[in-house]
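Chain and residue survey
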Amino acid sequence: MHPWRIYFTDKELLKALLEQATGVKTIHGYEPTSEAFSDEPYHVVFWCGDVGMAVASKELRLFNRDGEVALSDITEINQRWWEYWRMYWDKKDTSDELPKDYACEVTIPLKS
C-alpha cells in the first residue's frame, strides 16, 4: 500500500490498489470491486498506512476555505503547490528561508 496518497479518477491505479486490499467493508452503495463502481465518472482513493477509502460518484465537488474549487483548476492548483513546496525546501537553511510551513515539513513526495 502507498503510505499516504490521494488519487482522483485513475481507474487502473484504483484497480491495482483495491487488489492489494486484504479486506473491503462497503458502507454505502456497491462494492468497490464491482463494474458499477468502476463505471462511475469520478473516483477518489485514499490510503493512509494500512487503512484506505475508495469512493465513486456521478458528481464531484471540491471545496476549500474560500468556497467551491472548479475541477478544471485542480491540475494548476496541484502544480502551484508542488512549485511552492520545492521553493520552500530550496530556500530552507539559507538567508532567504521562508517562514516555517508545517504543510511543507510533513509533505514528502513519493516521486519528485
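Up top you'll find the structure we're talking about.
Residues numbered from 1 in each chain as written. Predicted model: local features only at pLDDT ≥ 70, side-chain atom pairs only at ≥ 80, totals over all residues. Heavy atoms only, no water.

1. Thoughts on helix α3 (residues 74-91)
Heads up, the condition is: By definition, any uninterrupted DSSP run of H or I lasting at least four residues is a helix, any uninterrupted run of E lasting at least two residues is a strand, and each is numbered from the N terminus. Every helix has an expected span of 1.5 Å times one less than the residues it contains.
Counted at 1.5 Å a residue, the expected span for α3 with its 18 residues is 26 Å, and the 26 Å between its end C-alpha atoms agrees. Looking one or two places after α3, you find D93, whose phi comes out positive at around 65 degrees.

2. Digging into the packing of aromatic side chains
Any pair of aromatic rings gets described here by the distance separating the centres and the angle formed by the planes. Applied cut-off: Note on aromatic pairs: the rings of Phe, Tyr and Trp (six-membered ring only in Trp) are paired at centre separations within 6.5 Å, and the planes decide the class, stacked below 30 degrees, edge-to-face beyond 60, tilted for the rest. Working definition: with a 1.4 Å probe on protein chains only, accessible area under 20% of the residue-type maximum means buried, over 50% means exposed, and in between means partly exposed.
In the structure shown here, the tally under the stated rule is 6 aromatic pairs. For the pair W81 and Y84, a centre-to-centre distance of 5.9 Å together with 45 degrees between the ring planes defines the contact as tilted. With W81 and Y84 both in helix α3, this residue pair falls 3 residues apart, about one helical turn. On the basis of relative accessibility, which here comes to 25%, the residue W81 falls in the partly exposed class. Taking the relative accessible area as the measure of exposure, Y84 reaches 27% and is therefore partly exposed. The rings of W81, W82, Y84, W85, Y88 and W89 are connected pair by pair, giving a single aromatic cluster.

3. What about the layout of surface pockets?
In this approach the atoms are scanned with a rolling probe the size of a water molecule, which exposes any empty space left behind. Under the convention used in this document: In this analysis, the protein atoms alone were mapped onto a 1 Å grid. Cavities are point sets where a 1.4 Å probe fits without being able to get out; pockets are open sets with protein on both sides within 12 Å along at least five of seven lines; lining residues have an atom within 4 Å of a point. Grid points are joined across faces, edges and corners, and a volume is the space filled by probe spheres set on the points. Following the grouping adopted for this structure description, the nonpolar residues are Ala, Val, Leu, Ile, Met, Phe, Trp, Tyr, Cys and Pro, the charged ones are Asp, Glu, Lys and Arg, and the polar ones are all others, Gly among them.
In this structure, the second largest pocket spans a volume of roughly 570 Å³. Residue lining of the second largest pocket: 26 residues in total, with K25, P32, M53, A54 and V55 positioned closest to the centre. Among the elements of the structure, β2 (42-48) and β3 (51-57) are those that each provide at least two residues to the lining of the second largest pocket. Ranked by residues supplied to the lining of the second largest pocket, first place goes to β3 with 7 residues. Partitioned by chemical class, the residues of the lining of the second largest pocket number 15 nonpolar, 7 polar and 4 charged.

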